[in-house]
Amino acid sequence: MRSSARSTRASAAIDRLKRRSGNDNYSMSMNSGAMFSLLLATGGGDSERLCEPMMMEDFVAFVNAYGPQTPKRVSKLDIEFSKQLTKKSE
């Protein structure tokens, strides 16, 4: 996989984190060995590293699990099915 495709996938994970958290101060760094780190701007041009350098797959999984999670959507059918299951187990 090319480096630009890797950074695009990692950038998309950072964008999702920014939307979930409402904090635009998250960013990433990539070293010459194609290892990624999550950064949080702390002000004054400084950044705090939130993880050790990781391979892209591990980095994306880390960022997806980091911070607030988006609640899963539940449809009306799911709610009704859950109610039926509750009634049957009583």
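Visitor: Looking at this model, I keep getting lost on the pattern of salt bridges. Mind explaining?
Guide: Note that side chains of opposite charge can pair when their charged atoms are close. Scanning the entire structure with this criterion turns up one salt bridge. Between Lys83 and Glu80 there is a salt bridge, with its nearest N and O atoms 3.6 Å apart. Of the two residues, Lys83 and Glu80 are both situated in helix 3 (residues 76-89); the distance of three residues between them amounts to about one turn of the helix. For Lys83, a relative accessible area of 44% translates into the label partly exposed.

Visitor: Sorry if this is basic, but what is going on with the sheet that holds strand 1 (residues 26-30) here?
Guide: Strand pairing in a sheet is mediated by backbone hydrogen bonds. Such pairs are either parallel or antiparallel. Taken in spatial order, the three strands of this open sheet run 1-2-3, and their pairing is antiparallel. A strand with exactly one partner marks an edge of an open sheet, and here the two such strands are strand 1 and strand 3 (46-49). Going across the sheet, the axis of each strand differs from the next one's by a mean of 45 degrees, ignoring polarity. Bridge count for strand 1 against strand 2 (residues 36-43) is five bridges, and the pairing is antiparallel. The partner of Ser29 across the bridge, within strand 2, is Ser37. Contacting strand 1 and strand 2, helix 2 (residues 56-65) crosses the sheet at an angle of about 45 degrees to strand 2.

Conventions used here
- Residues numbered from 1 in each chain as written.
- Predicted model: local features only at pLDDT ≥ 70, side-chain atom pairs only at ≥ 80, totals over all residues.
- Heavy atoms only, no water.
- Salt bridge = Lys/Arg side-chain N within 4 Å of Asp/Glu carboxyl O.
- Helix = DSSP H or I, 4+ residues; strand = E, 2+ residues; numbered from the N terminus.
- Buried < 20%, exposed > 50% of the residue type's maximum accessible area, 1.4 Å probe, protein only.
- Pairing = 2+ DSSP bridges.
- Axes fitted to C-alpha atoms, helices over the stretch in contact; angles between N-to-C directions.
- Contact = heavy atoms within 4.5 Å.

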